[in-house]
Amino acid sequence: MPAIEAAKLASVDLTTVAKVNESIDTSMTDTSQDAYIGTVITAVSDRITQYLGFHTLSASRTETYEGRRFERVVTLDGQPVTTFTSLKYHSESDFTGVLAEATTAYTVHKRSGWIRLDFAPIYKNNYFQVVYTSGLGATDTAVVSGYPEISLAATMQVKYFLQRRDSMGGNITTGAGSTSFETEYTLQKEVRMILDQYARR
């Protein structure tokens, strides 16, 4: 289950304005729409982050998770884990004065963002406080460099949004040289195929 504190997964821009402009027209020099494109990138990146099911913004986090009795796996809201600082275990969600568990008491699976406990939680109510750093990158350029496939998926989705921003509800646009859309705006199939390689299920 998600961290107690988290209302929404934190996202980072997954592509750049330059990448989107390049996908539209490699010879494009008009920058009048760059601010708008940046806004679309942020919105699309957030939607993709929620689809992936983990924080994409790289940041240090202190999160509290509620576990079940004898359950030995804690799934974090963030992945991949780049730095793991500590794990605390308690019968209540207040960790004041609680010492961190020894690093020999658990194993962190950094790529997938989960913890395997080497002990069985025995309390009726089990809480874990985790301090760690995770995410795909702190900036759009870091994501483009480190996760080019995810960045490409975001670029494709932004371009698709821009193409049909006047027909988001599925209205069909006709006329010479126009494109027809018969379904409501959603993540493209090709985009989902790329993201599904990384999405948490």
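Higher on the page you've got the structure.
The present account deals with the structure reproduced in this document.

Rules behind the numbers
- Residues numbered from 1 in each chain as written.
- Predicted model: local features only at pLDDT ≥ 70, side-chain atom pairs only at ≥ 80, totals over all residues.
- Heavy atoms only, no water.
- Salt bridge = Lys/Arg side-chain N within 4 Å of Asp/Glu carboxyl O.
- Helix = DSSP H or I, 4+ residues; strand = E, 2+ residues; numbered from the N terminus.
- Buried < 20%, exposed > 50% of the residue type's maximum accessible area, 1.4 Å probe, protein only.
- Contact = heavy atoms within 4.5 Å.
- Core = buried A, V, L, I, M, F, W, Y, C linked by side-chain atoms within 4.5 Å.
- Expected span 1.5 Å × (residues − 1).
- Pairing = 2+ DSSP bridges.
- Axes fitted to C-alpha atoms, helices over the stretch in contact; angles between N-to-C directions.

Considering all chains together, one arrives at 2 salt bridges under this definition. When the shortest N-O distance is used, the salt bridge between Lys-8 and Asp-46 registers 2.9 Å. On the criterion of sequence distance, the pair formed by Lys-8 in the segment before helix H1 (17-24) and Asp-46 in helix H2 (residues 34-52) is long-range, its members being 38 residues apart. Its salt-bridge partner being Glu-71, residue Arg-68 comes within 3.5 Å of it at the nearest N-O pair.

Below, the discussion takes up the environment of Gln-157. In this fold, Gln-157 is placed in helix H4 (residues 148-163). The exposure class of Gln-157 is buried, given its relative accessible area of 0%. Spatially, the C-alpha atom of Gln-157 lies 7.1 Å from that of Val-44, the residues being 113 residues apart in sequence. Filtering out sequence-adjacent residues up to four positions away, Gln-157 remains in contact with Val-44, Tyr-185, Thr-186, Leu-187, Gln-188 and Val-191.

Let us look at the environment of Gln-188. Within the secondary structure, Gln-188 is located in the loop between H4 and helix H5 (189-195). Given the relative accessible area of 21%, Gln-188 is considered partly exposed. Sequence spacing of Gln-188 and Phe-161 is 27 residues, and the spatial spacing of their C-alpha atoms is 9.9 Å. Those residues in contact with Gln-188, other than ones at most four positions away along the chain, are Met-156, Gln-157 and Tyr-160.

Here the focus is the environment of Ser-93. With respect to the helices, strands and loops of the structure, Ser-93 is situated in the loop between strand S3 (81-90) and strand S4 (106-109). When its relative accessible area of 45% is taken as the criterion, Ser-93 is described as partly exposed. Along the backbone, Ser-93 and Ile-4 are 89 residues apart, and their C-alpha atoms lie at a distance of 9.2 Å.

This part takes up the nonpolar core. In this structure, Leu-14, Ile-48, Val-158, Leu-162 and Leu-195 are the most contacted members of the largest nonpolar core, which totals 25 residues. Mapped onto this core, the elements with two or more residues apiece are H2, H4 and H5. Sequence-distant contacts of Val-158, that is, excluding residues within four places in its chain, are made with Thr-15, Val-20, Val-40, Ile-41 and Val-44. Of all hydrophobic cores here, the second largest spans 16 residues; its members include Tyr-65, Leu-76, Ala-105 and Tyr-132.

Here the focus is H4. The terminal C-alpha atoms of H4, which comprises 16 residues, lie 22 Å apart, in line with the 22 Å expected from a rise of 1.5 Å per residue. Along H4, the residues classified as buried are Ile-150, Ser-151, Ala-153, Ala-154, Thr-155, Gln-157, Val-158, Tyr-160, Phe-161 and Leu-162. Residues of H4 that are buried sit in contact with H1, H2, helix H3 (140-146) and H5.

Spatially, S2-S5-S4 is the arrangement adopted by the 3 strands of the open sheet, whose pairing is antiparallel. Single-partner strands in this sheet number two, and they are strand S2 (73-75) and S4. Adjacent strand axes in the sheet meet at a mean angle of 15 degrees when their direction is disregarded. With 3 bridges joining them, S2 and strand S5 (residues 114-117) adopt antiparallel strand pairing. Each residue of the ladder has a partner; that of Val-73, found in S5, is Arg-116.

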